[in-house]
Amino acid sequence: MKVKMKEIKFVFLIGNGFDIQLLNQIGMSSTTSYQDFYNFIKWKYPKEIKDNIIVNKMKVDRESGNGNWSDFENSIKNLLRDEYEANSPNFDENKYIDALSQLQNYFSDFLNTIITTDVLKYVDDLGDVIDAYDNKNIKISLPLNTLRSFLYDLKPDERRLLKIAEKIEDHIIVDYTFFNFNYTPLLDNYITLDKDNFDPHVHKRSDNNFHFQFAKNGSRKDYYTKIRTRIFHPHGFQHTPRSMLFGFDNPKQVITDYKDDLYTNSKVKKYVKYFLKPYWAENKVKYGSYLEEADLFVVFGHSIGESDRYWWNEIYKRLEQGTANLIIYNYTRYDDEDSKNNVKNNFISSAGVSLEEIDIEVLKRIFVINFDSEKQRFAFTVDKKKMNRF
């Protein structure tokens, strides 16, 4: 009888920072940011958006100096909260639905002008094999370097504290789940292994097909493992505008007296149901098991705001149980403990947990990697010259 292979499970949550760094590397004048989207619709659709209530809110916030003015998901939430608190008898949710639907279609158009065939070809080329190392003919490429060596972005003492440290050994399954919160396929294109850099059946008598790198007792080792990967787009795709979800996380962000009765609450149906991302994405049904079984979470390029609280709260639960760790890549020119602590505190707050209630042990299970465009790293590098490697 065939023995079932042991597994370690990684869950990656990738935000718009990944797309932005890649487009900056290419030298694009515009990125996929909300601010660039605002400039796009002001240029291409000035007449059509003249009466769009969400765009007008963004304009007011911009003129008043609100640093978060371009985040139209936040604008939706604030507009609805104002309506709810005013208890207006003439509230009409359709004007918000129509405004958001218009932006949804325009955002797809906006992305299609940026993510061209030439851009996708450029990302394809990032998967090219650079060379091999250690005379073992182990191929090196940007996606392989990310998948195989990302734990080396941590310091040695941090790696020793990982819950998975003792689980890593030869002949296990290394399982990767990517949640791509971007509507574009750039991350998918970047991380996908292909015929040139990966052979799924390289050995005649072994299922092993992947070298995972980790250091125990101070020495680096290539572990012979089997790799599995999958990629989800919980918020939809640019090529299917109606699949793209914009909004916020939960009714409490608008309805202050919400009592957790999502399916029966008339206020929820009236004010916020259409805009609840976890509701329409069916997060728990589709993705809950991946979060519950994860040994390690990795967040890259994500602002970690309250609009995605479901995800942060689920990760927090795993940290609180003591069965997982979290790595957060933080783009900053500063590399000090204060900036790392700020990132940890922001994660806790965005998860909906009071800092006064936090268990100090949870904080010890979070690792922050500060980096900027000049610092070499192993994971998610888009410049071959700045890829860290052995």
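Here, the structure is the one placed above.
Residues numbered from 1 in each chain as written. Predicted model: local features only at pLDDT ≥ 70, side-chain atom pairs only at ≥ 80, totals over all residues. Heavy atoms only, no water.

Draft legend 1. Geometry of the nonpolar core. Grouped together as the largest cluster of nonpolar side chains are 88 residues, with contacts concentrated most on F72, F150, L151, Y176 and F380. Per-element accounting of this core gives the leading share, 10 residues, to helix α5 (residues 93-114). For L151, the residues in contact, after removing those within four places along its chain, are R159, L162, I164, I168, F212, F214, L296 and I327. With 29 residues, the next largest nonpolar core counts V299, L319, V343 and L363 among its residues. (Core = buried A, V, L, I, M, F, W, Y, C linked by side-chain atoms within 4.5 Å. Buried < 20%, exposed > 50% of the residue type's maximum accessible area, 1.4 Å probe, protein only. Helix = DSSP H or I, 4+ residues; strand = E, 2+ residues; numbered from the N terminus. Contact = heavy atoms within 4.5 Å.)

Draft legend 2. Here's a closer look at helix α3 (residues 53-63). Inspection of α3 places I54, V55, K57, M58 and D61 among the buried residues, and these make up the whole buried set. Looking down the long axis of α3, one finds its buried residues gathered within 155° of arc, a one-sided arrangement. Tucked into the core, α3 has its buried residues touching α2 (34-44), α4 (72-86) and α5. Two to three positions downstream of the cap, the backbone nitrogen of I54 sits 3.0 Å from a side-chain oxygen, assigning the N-cap of α3 to N52. Of the residues one or two after α3, G65 is the one with positive phi, at around 85°. (Arc of directions from axis to C-beta. Polar contact = N/O pair within 3.5 Å; in protein donor to acceptor, adjacent residues only side chain to side chain.)

Draft legend 3. Broad picture of the packing of aromatic side chains. One pass over the full model with this rule turns up 49 aromatic pairs. Here the guanidinium or amino end of R62 rests over the ring plane of W69, the centre of that ring lying 4.8 Å away. (Phe/Tyr/Trp six-rings, centres within 6.5 Å; stacked < 30°, edge-to-face > 60°. Lys NZ or Arg CZ within 6 Å of the ring centre and 35° of its normal.)

Draft legend 4. Seen up close, the packing of α2 against α5. Running from N to C, α2 and α5 point in directions that differ by 100°, and their axes come no closer than 10 Å. In this view, α2 runs roughly perpendicular relative to α5, as classed from their interaxial angle. Contact residues: α2 offers Y34, D36, F37, F40, I41 and K44, while α5 offers L103, Y106, F107, D109, F110 and T113. Counted by class, the contact of α2 with α5 contains 8 nonpolar, 1 polar and 3 charged residues. (Axes fitted to C-alpha atoms, helices over the stretch in contact; angles between N-to-C directions. Parallel < 35°, antiparallel > 145°, perpendicular 65-115°, else oblique. Nonpolar A, V, L, I, M, F, W, Y, C, P; charged D, E, K, R; others polar.)

Draft legend 5. Expanded view of the environment of D170. Along the polypeptide, D170 turns up in the loop between α8 (156-161) and β4 (173-180). Judged by relative accessible area, D170 falls into the partly exposed class, the value being 23%. In the structure, D170 is positioned 54 residues away from Y224 in sequence and 4.9 Å away in space, judged by C-alpha atoms. Discounting chain neighbours no more than four positions away, the residues touching D170 are K221, D222, Y223 and Y224. Polar contacts involving the side chain of D170 include one to the side chain of K221, which spans 3.2 Å.

Draft legend 6. Highlighting the sheet that holds strand β7 (residues 296-300). Pairing within the open sheet is mixed, and its 7 strands lie in the order β5-β6-β4-β1-β7-β8-β9. Either end of the sheet is taken by a strand with one partner, and the two such strands are β5 (210-216) and β9 (366-371). Here the average twist between neighbouring strands, direction ignored, is 30°. Inspection of the sheet shows β4 paired to strand β6 (residues 219-232) by 7 bridges, in the parallel sense. Bridged to F179 within β6 is F232. Sitting on the sheet, helix α7 (residues 142-149) touches β4, β5 and β6, and the angle it makes with β5 is about 45°. (Pairing = 2+ DSSP bridges.)

Draft legend 7. Highlighting the pattern of salt bridges. Taken as a whole and judged by the stated rule, the model has 25 salt bridges. Note that K77 is salt-bridged to E306, the shortest N-O span being 2.3 Å. Placement of the pair is K77 in helix α4 and E306 in the loop between β7 and α13 (309-321), with a sequence separation of 229 residues. A relative accessible area of 30% means that E306 is categorised as partly exposed. Here E374 and K386 are joined by a salt bridge, their closest N and O atoms 3.4 Å apart. (Salt bridge = Lys/Arg side-chain N within 4 Å of Asp/Glu carboxyl O.)

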